[in-house]
Amino acid sequence: MRIREFDLEHVQKGDVLFLSACSQCASTGTISIEGPLDRSLVLRKTVKDSEPLPLDGDLRTAVVTGDGPIRLKAEIEVDCDLKVIKSGVLIADRDGKEQGIHFAFDIEDGSDNDFNDYWVNVACWHHRG
Ligand SMILES: [Ca+2]
């Protein structure tokens, strides 16, 4: 098992989060968001199938309820280190005011460096509804 955690900068109390993920790998794993949320956000890959698959999980949206740090956590059942490319794009309106942020994580769980083993998307909006 290898675990990596990443801060989700710019995410703040009252924000709405959306989590999605897909995989193309033989490992199993769990992707979650840690921190003060109104419900847990956890997606799981439970089959060792390298075909393109969405991760399983019913609850994919949550609201941030506190001021603590919000982190993405990846727990992957492999023996080698996880390599992760993290990217973030701020959402700004026409006046340049920040409205949210999108994060993408491309995770390599092996040695071929195709970085398609897990792809995780976190969208965050400061305005709800
Ligand atoms: Ca790979």
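Residues numbered from 1 in each chain as written. Predicted model: local features only at pLDDT ≥ 70, side-chain atom pairs only at ≥ 80, totals over all residues.

Q: Hey, could you run me through the overall build of the protein chain in this one?
A: A tally of regular secondary structure across the protein chain gives 0 helices and 10 strands. Reading the helices (α) and strands (β) of the protein chain from amino to carboxyl end gives β-β-β-β-β-β-β-β-β-β. Within the protein chain, contacts between residues separated by at least 24 positions form 66% of all contacts whose residues are at least 6 apart in sequence. (Helix = DSSP H or I, 4+ residues; strand = E, 2+ residues; numbered from the N terminus. Contact = placed C-beta atoms within 7 Å.)

Q: For this particular structure, what's the right way to read the environment of Asp106?
A: On the secondary structure map, Asp106 appears in strand β9 (residues 98–108). Residue classification places Asp106 among the partly exposed residues on the basis of 16 C-beta atoms within 10 Å. Between the C-alpha atoms of Asp106 and Asp93, which are 13 residues apart in sequence, the distance is 27 Å. Setting aside its immediate chain neighbours within four residues, Asp106 contacts Ile85, Phe115 and Trp119. (Buried ≥ 20, exposed ≤ 12 C-beta atoms within 10 Å, placed from the backbone.)

Q: Would you take a moment to explain the nonpolar core for this structure?
A: One recurring pattern in soluble globular proteins is that nonpolar side chains are buried together. Leu17 and Val122 are the most contacted members of the largest nonpolar core, which totals 27 residues. Those elements giving two or more residues to this core turn out to be β2 (16–23), β3 (29–34), β4 (41–45), β7 (71–76), β9 and β10 (118–125). (Core = buried A, V, L, I, M, F, W, Y, C linked by C-beta atoms within 7 Å.)

Q: Help me understand the environment of Asn113, please; the structure alone is not making it clear to me.
A: Assignment of secondary structure puts Asn113 in the loop between β9 and β10. When the C-alpha atoms of Asn113 and His10 are compared, they prove to be 29 Å apart, with 103 residues separating the residues in sequence.

Q: Whenever I open this one, the pairing of β3 confuses me. Can you help?
A: Two faces belong to every sheet, and in a regular strand the side chains alternate between them. The side-chain alternation of β3 yields one buried face, formed by Gly29, Ile31 and Ile33, and one unburied face, formed by Thr30, Ser32 and Glu34. As paired elements, β3 and β4 share 5 bridges and run antiparallel to each other. Bridge pairing in β4 links Ile33 to Leu41. Linkage of β3 to β4, two consecutive antiparallel strands, is achieved through a turn of 6 residues, within which Gly35 is found at a positive phi near 140 degrees. Two elements, β3 and β7, share 6 bridges in a ladder whose sense is antiparallel. In the strand pairing of β7, Gly29 is matched with Ile76. (Pairing = 2+ DSSP bridges.)

Q: Even after reading the chapter, I still don't get the sheet that holds β7, so can you show me in this structure?
A: Within a sheet, adjacent strands bond to each other through the backbone by hydrogen bonds, running parallel or antiparallel. Strand order in this open sheet of 4 strands is β1-β7-β3-β4, and the pairing throughout is antiparallel. Edge strands, defined here as strands with exactly one partner in the open sheet, are β1 (2–7) and β4. Mean inter-strand twist for the sheet, computed between neighbouring axes without regard to direction, equals 15 degrees. (Axes fitted to C-alpha atoms, helices over the stretch in contact; angles between N-to-C directions.)

Q: Looking at this structure, I do not really get unusual backbone geometry. What am I missing?
A: Residues other than glycine predominantly adopt negative phi, and peptide bonds predominantly adopt the trans conformation. Positive phi, normally seen in glycine, also occurs at His10, with a value near 80 degrees. Within the secondary structure layout, His10 lies in the loop between β1 and β2. Even without being a glycine, Asn113 presents a positive backbone phi close to 55 degrees.

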